[in-house]
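Letter by letter, the chains look like this.
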Amino acid sequence: MSVTVTSRGSCLTAALSGDIDHHGARTMMRELEEIISEELPRRLELDLSDVSFMDSSGIALLLMAKRQMEHAGGTLRATHIPAQARRVLDAAGVGRLVPLE
Amino acid sequence: MQHIVLDEAEVSFPSRSANEGFARAAAACFAARLDPTLEELADIRTAVSEAVTNAVVHAYPDKIGKITMRLRLLEDSVLEITVRDKGVGIPDVKKAREPLFTTGSEERSGMGFTIMESFMDSLQVRSAVGKGTTITMRRRLARRTAQ
Ligand SMILES: Nc1ncnc2c1ncn2[C@@H]1O[C@H](COP(=O)(O)OP(=O)(O)O)[C@@H](O)[C@H]1O
Ligand SMILES: [Mg+2]
């Protein structure tokens, strides 16, 4: 489970990998919070291609990142969402709050 | 509803968050005999994760308690999963099952029961304050192999 950051101008990509469950989301949340407050990107892309599992703890993580980005005047989107995570996000209607690509 | 139980397994573990992954794997392993599709397996893992996480987070807020997961294979390729704790219990189950309802911190989304409901065919929640909570979920898997 890890967060890897690549930056291109004011657009930051954070690639999340591993299981985003209650056990893993805690450290990920803290890492993301730090990255956002240090880098203050205009746009943050969460690349989920290497996420092996996600449950509703991942929803809380996305919404937390969205709130923090909005607070800093930026935007958030999630990309490369694996099928299992997609079903979770769709069941909870997260697409209405965070752009899912 | 009475069902004939064809097989069953039960595991108990302490309410440590590392056991969330163990419970998902154990349930997926038990379900494998039904030759599930990848999507069915993913749904089972997700529903188990929600149920067990609730026992870890909510049932035992400031101690380590015992969680028991029972897996049953019923007739007609029905998988039944029961997750039981002896924790604080839920004062208002109807309210707890509503989407977005949470008594947790901002680490929680309040979508756990909603996800269990949408991924399983049925979800039953029995709870008593101070005694604990038992949730029972059933999902019928499509039969792909001739039996
Ligand atoms: N096993 C349990 N023991 C005690 N309370 C529970 C249990 N499971 C769920 N709850 C209560 O139901 C609420 C809703 O659960 P859920 O839909 O999974 O959302 P979340 O876990 O994100 O809060 C929880 O916030 C908690 O108050
Ligand atoms: Mg929950």
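Residues numbered from 1 in each chain as written. Chains lettered and ligands numbered in written order. Predicted model: local features only at pLDDT ≥ 70, side-chain atom pairs only at ≥ 80, totals over all residues. Heavy atoms only, no water.

A closer look at a negative patch on the surface
As a reminder of what qualifies: A patch is a set of surface residues, each over 30% in relative accessible area and not in a salt bridge, joined within 9 Å for like charges and within 5 Å for the nonpolar side chains Val, Leu, Ile, Met, Phe, Trp and Tyr. Areas reported as accessible are Shrake-Rupley estimates using a 1.4 Å probe. Residue values count occlusion only from the protein chains shown. For this document, the term salt bridge refers to a Lys or Arg side-chain nitrogen within 4 Å of an Asp or Glu carboxyl oxygen. Counting rule for charge: Lys and Arg are taken as positive, Asp and Glu as negative, and neither His nor the chain ends is counted. Working definition for charges: the position is that of NZ of Lys, CZ of Arg, CG of Asp or CD of Glu. Numbering of helices and strands runs from the N terminus, with a helix taken as a DSSP run of H or I at least four residues long and a strand as a DSSP run of E at least two residues long.
Side chains of A:Glu31, A:Glu34, A:Glu38 and A:Glu39 sit close together on the surface and give a patch of like negative charge. The residue A:Glu38 is located in helix α1 (residues 22-39) in this model.

Examining the packing of helix α3 (residues 83-91) of chain A against helix α4 (residues 112-119) of chain B
Our working rule: As a rule, the C-alpha atoms of each element are fitted with a line to give its axis, helices using only the stretch in contact, and angles between N-to-C directions run from 0 to 180 degrees. Reported orientations rely on four angle classes, namely roughly parallel under 35 degrees, roughly antiparallel over 145, roughly perpendicular from 65 to 115, and oblique for the rest. For a crossing to be left-handed, the near helix must be turned anticlockwise from the far one by less than a right angle; the clockwise case is right-handed. Contacts were defined at the residue level, with two residues in contact if any of their heavy atoms lie within 4.5 Å. For this classification, the nonpolar set comprises Ala, Val, Leu, Ile, Met, Phe, Trp, Tyr, Cys and Pro, the charged set comprises Asp, Glu, Lys and Arg, and every other residue, Gly included, is treated as polar.
Put simply, α3(A) and α4(B) touch, their axes get as near as 9 Å, and they point 110° apart. If you check the angle between α3(A) and α4(B), you find them roughly perpendicular. Considering only the axes of α3(A) and α4(B), their crossing is right-handed. Touching A:Arg87, A:Val88 and A:Ala91 of α3(A) are B:Thr114, B:Ile115, B:Ser118 and B:Phe119, all from α4(B). By residue class, the composition of the contact of α3(A) with α4(B) is four nonpolar, two polar and one charged.

Observations regarding α4(B)
To keep it simple, the criterion reads: Categorising residues by exposure relies on relative accessible area from a 1.4 Å probe, with only protein chains included: less than 20% of the type maximum marks a residue as buried, more than 50% marks it as exposed, and the intermediate range marks it as partly exposed.
Of all eight residues that make up α4(B), six are buried, and the element is covered over most of its length. Here α4(B) has its buried residues at B:Gly112, B:Phe113, B:Thr114, B:Ile115, B:Met116 and B:Phe119. Packing partners of the buried residues in α4(B) comprise α2 (56-71) and α3 of chain A together with α2 (38-59), α3 (93-96), β4 (122-128) and β5 (132-140) of chain B.

As for the pattern of salt bridges
Summed over all chains, the structure comprises 18 salt bridges over all chains. Of the charged contacts in the structure, one is a salt bridge between B:Glu39 and A:Arg87, with a shortest N-O distance of 3.3 Å. Of this pair, B:Glu39 sits in helix α2 while A:Arg87 sits in helix α3, which puts the two residues in different chains. A salt bridge links B:Arg139 to B:Asp43, with the shortest nitrogen-to-oxygen separation between them at 3.0 Å. With B:Arg139 in strand β5 and B:Asp43 in helix α2, this residue pair connects regions lying 96 residues apart in the sequence. Judged by its relative accessible area of 13%, B:Arg139 is buried. When salt bridges that share partners are traced, they join B:Glu8, B:Arg70, B:Arg72, B:Glu80 and B:Arg138 into one network.

That is the geometry; function is a separate question.
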